[in-house]
Amino acid sequence: MSKEKLLAIVDGNNIAMRAHFAFKKHNFTSNDGVPTGALFGTIIQHINIVKHIDPTHLVWFFDAGKSRERTAELESYKGNRENQPSEVYHQFDLIDKFLSIAGVRHYREHGVEADDLIAKAVKSWGDIAKVIITGDHDMRQLVSDSPKVSVLQPISAKVDPVIWNTAKVISEYGVPPEKLPEVWSICGDSSDNIKGVPRIGPKGASKIIQKYGDISNALVQEEKLRGHADLIEKNFRLIYLDGSFASLPISLNDCVFNKDMYDKKFMYDFLDKYSINSIKTKVHTVGIY
């Protein structure tokens, strides 16, 4: 019997940046001095995804600059991320090469963030069960019971995997996943430099949405929100993910994944070139997985 279809969608930028900081103290470099910490951590995460999730379909999405639409709406959008480490960015080319050798579909779109590509895939690619691998809390708004969509925080050998389903979202935030953009539109999102209504935090915002049912009623009835309608409505447009900012010309069929369909010699040569010896040693024996 063929196994049930499962699409794993990976937030490539989130994984690479987390890998960089996780392995920064180890100062991983190739023989010619090229930093490789983000590459190494990304490869480890990919291996863990394949081993633990065993997806039938797999795609990695990456940012290609800030969102054109959101920056046009808010010039300071993600302005708090201007000084992110430059040594990570040259490694994206290396990550692309690794994914190509491993037979993994990966995609980016100019002026579009990975978040929007992920949302587009979730909304457009049918009823196949989907798991999004990311540490970004924004993705939790896409969680669903039907069709099945969950969010898995990046897999670590040190801690049990954290899976966000509808029950966990409600337990953590007090509202179902689809209401999270309404909550965040009130309290803002500091990680993206989106300012909220003064003196209302996430818990207070959640209580407001629980009380009034939706943001429209809250704007009419909640005294604390008076005078802040324009801010809240703009924040909602910035935070809500429906995939409309992405074109995504690739299809689900482009993302079919077979973990045995990669060239061991090419993989070995690539890992050798960038001095990723712990994984290279496995390739000639049990294979990368």
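Along each chain, numbering runs from 1 in the same order as the chain's sequence is written. Local features in this predicted model are restricted to residues of pLDDT 70 or higher, and side-chain atom pairs are both shown and tallied only at a pLDDT of 80 or more, whereas totals for entire chains, interfaces and linings draw on every residue. Side-chain descriptors were evaluated using all non-hydrogen atoms of the structure, hydrogens and water having been removed beforehand.

> I'd like to hear about the environment of lysine 234, residue by residue, with values.
What counts as a helix is a DSSP run of H or I of at least four residues, what counts as a strand is a run of E of at least two, and both are numbered from the N terminus. Checked against the element boundaries, lysine 234 lands in helix H11 (residues 229-239). In the structure, lysine 234 is positioned 130 residues away from valine 104 in sequence and 36 Å away in space, judged by C-alpha atoms. Once residues within four sequence positions are removed from consideration, lysine 234 is found in contact with Glu73 and Leu74. Note on contacts: a residue pair qualifies if any of its non-hydrogen atoms lie within 4.5 Å across the two residues.

> Got a sec to walk through the side chain of arginine 70? Specific residues and values, please.
Structurally, arginine 70 is set in helix H3 (residues 68-73). Arginine 70 has contacts with Tyr77, Glu113, Asp116, Leu238, Tyr240, Leu241 and Phe245, leaving out every residue within four places of it along the chain.

> Break down the packing of aromatic side chains for me, with residues and values.
Centre distance and the angle of the planes are the two values used to describe a pair of aromatic rings. Pairing of aromatic rings covers Phe, Tyr and Trp, the last through its six-membered ring, and needs centres within 6.5 Å; plane angles under 30 degrees mean stacked, over 60 mean edge-to-face, and all others mean tilted. In total, this model carries 13 aromatic pairs according to the counting rule given. A centroid spacing of 6.3 Å and a plane angle of 20 degrees characterise the contact between tryptophan 60 and phenylalanine 62, whose relative ring orientation is stacked. Burial classes: relative accessible area under 20% of the type maximum marks a residue as buried, over 50% as exposed, and values in between as partly exposed (1.4 Å probe, protein chains only). Given the relative accessible area of 0%, tryptophan 60 is considered buried. Ring centres of phenylalanine 62 and phenylalanine 92 lie 5.9 Å apart, and the angle between their planes is 80 degrees; on these two criteria the pair is classed as edge-to-face. With phenylalanine 62 in strand E2 (residues 57-62) and phenylalanine 92 in helix H5 (residues 91-101), this pair connects stretches of sequence that are 30 residues apart. This pair shows no difference in class: phenylalanine 62 is buried, exactly as phenylalanine 92 is. Clustering of aromatic rings is evident, with ring pairs tying together Trp60, Phe62, Tyr89 and Phe92. Here, a charge over a ring is recorded when the distance from Lys NZ or Arg CZ to the ring centre is within 6 Å and its angle to the ring normal is within 35 degrees. Above the face of the tryptophan 164 ring, arginine 140 is positioned so that its terminal group lies 3.9 Å from the ring centre.

> Report on helix H6 (residues 114-124), specifying residues and quantitative values.
At 3.6 residues per turn, the α-helix brings residues three or four places apart onto the same side. Counted residue by residue, H6 has 8 buried out of 11 residues, so it is predominantly covered. Where H6 is concerned, the buried positions are Ala114, Asp115, Asp116, Leu117, Ile118, Ala119, Ala121 and Val122. On the buried face of H6, the contacting elements are strand E1 (6-11), E2, H3, strand E3 (105-108), strand E4 (129-133) and strand E5 (149-152). Positive phi appears at glycine 126, one or two residues downstream of H6, with a value of about 65 degrees.

> Describe the pairing of E1, listing the residues and the values that go with them.
Both faces of the sheet carry side chains from a regular strand, because those side chains alternate between them. Along E1, 6 of the 6 residues are buried, which leaves the element largely enclosed by surrounding structure. The alternating pattern of E1 places Leu6, Ala8 and Val10 on one face and Leu7, Ile9 and Asp11 on the opposite face, and all of these are buried. At least two DSSP bridges between two strands are required for those strands to pair. Pairing analysis gives 5 bridges linking E1 to E2, with the strands arranged parallel. From the neighbouring strand, isoleucine 9 faces E2, where its bridge partner is valine 59.

> Could you give me a rundown of the side chain of histidine 20, with the residues and numbers involved?
In this structure, histidine 20 sits in helix H1 (residues 12-23). Discounting residues that sit within four places of it in the chain, histidine 20 has contacts with Ala38, Pro85, Glu87 and Val88.

> Go over the sheet that holds E2 with me, naming the residues and quoting the values.
One open sheet holds the 6 strands; their spatial order is E3-E2-E1-E4-E5-E6, and the pairing between them is mixed. Edge strands, defined here as strands with exactly one partner in the open sheet, are E3 and strand E6 (163-164). Taken strand by strand, helix H2 (residues 37-53) contacts E1, E2, E4 and E5, and its axis lies near 150 degrees from that of E2. As a rule, the C-alpha atoms of each element are fitted with a line to give its axis, helices using only the stretch in contact, and angles between N-to-C directions run from 0 to 180 degrees.

> Report on the pattern of salt bridges, specifying residues and quantitative values.
By definition, a salt bridge exists where a carboxyl oxygen of Asp or Glu is found within 4 Å of a side-chain nitrogen of Lys or Arg. Scanning all chains against the criterion turns up 7 salt bridges. In this structure, arginine 70 engages aspartate 116 in a salt bridge whose closest nitrogen and oxygen atoms are separated by 2.6 Å. Placement of arginine 70 in helix H3 and of aspartate 116 in helix H6 is noted, with a sequence separation of 46 residues between them. The exposure class of aspartate 116 is buried, given its relative accessible area of 2%. Across the pair lysine 280 and aspartate 272 runs a salt bridge, and its minimum N-O distance is 3.0 Å.

> Residue-level account of the nonpolar core, with values.
In this structure, Ile9, Phe61, Trp125, Ile132, Ile186 and Leu225 are the most contacted members of the largest nonpolar core, which totals 51 residues. Apart from residues lying up to four places away in sequence, isoleucine 132 is in contact with Ile9, Ile118, Val122, Met139, Leu142, Val149, Ser150, Val151 and Leu152. Of all hydrophobic cores here, the second largest spans 41 residues; its members include Trp60, Ile133, Ile155 and Ile288. To form a nonpolar core, buried Ala, Val, Leu, Ile, Met, Phe, Trp, Tyr and Cys residues must be joined to one another through side-chain atoms within 4.5 Å.

> Hey, could you go over the packing of helix H8 (residues 180-187) against helix H9 (residues 202-212) for me, with residue numbers and the actual values?
Remark: H8 packs on H9, axes separated minimally by 8 Å, with the N-to-C direction vectors making an angle of 125 degrees. Considered as vectors, H8 and H9 are oriented oblique to each other. As for the relative orientation of H8 and H9, their crossing is right-handed in sense. On H9, the residues that touch Glu182, Val183, Ile186 and Cys187 of H8 are Pro202, Ala205, Ser206, Ile208 and Ile209. Angular relationships are summarised with four words: roughly parallel below 35 degrees, roughly antiparallel beyond 145, roughly perpendicular across 65 to 115, and oblique for the angles in between. Crossings are assigned a handedness: left-handed for a near helix turned anticlockwise from the far helix by less than a right angle, right-handed for a clockwise turn.

> How would you sum up unusual backbone geometry? Please name residues and give values.
Omega for the peptide link from serine 146 to proline 147 comes to -5 degrees, which places this bond in the cis form. Looking at the secondary structure, you find proline 147 in the loop between E4 and E5. Phi at aspartate 54 takes a positive value of approximately 55 degrees, unusual for a residue other than glycine. Relative to the helices and strands, aspartate 54 is located in the loop between H2 and E2.

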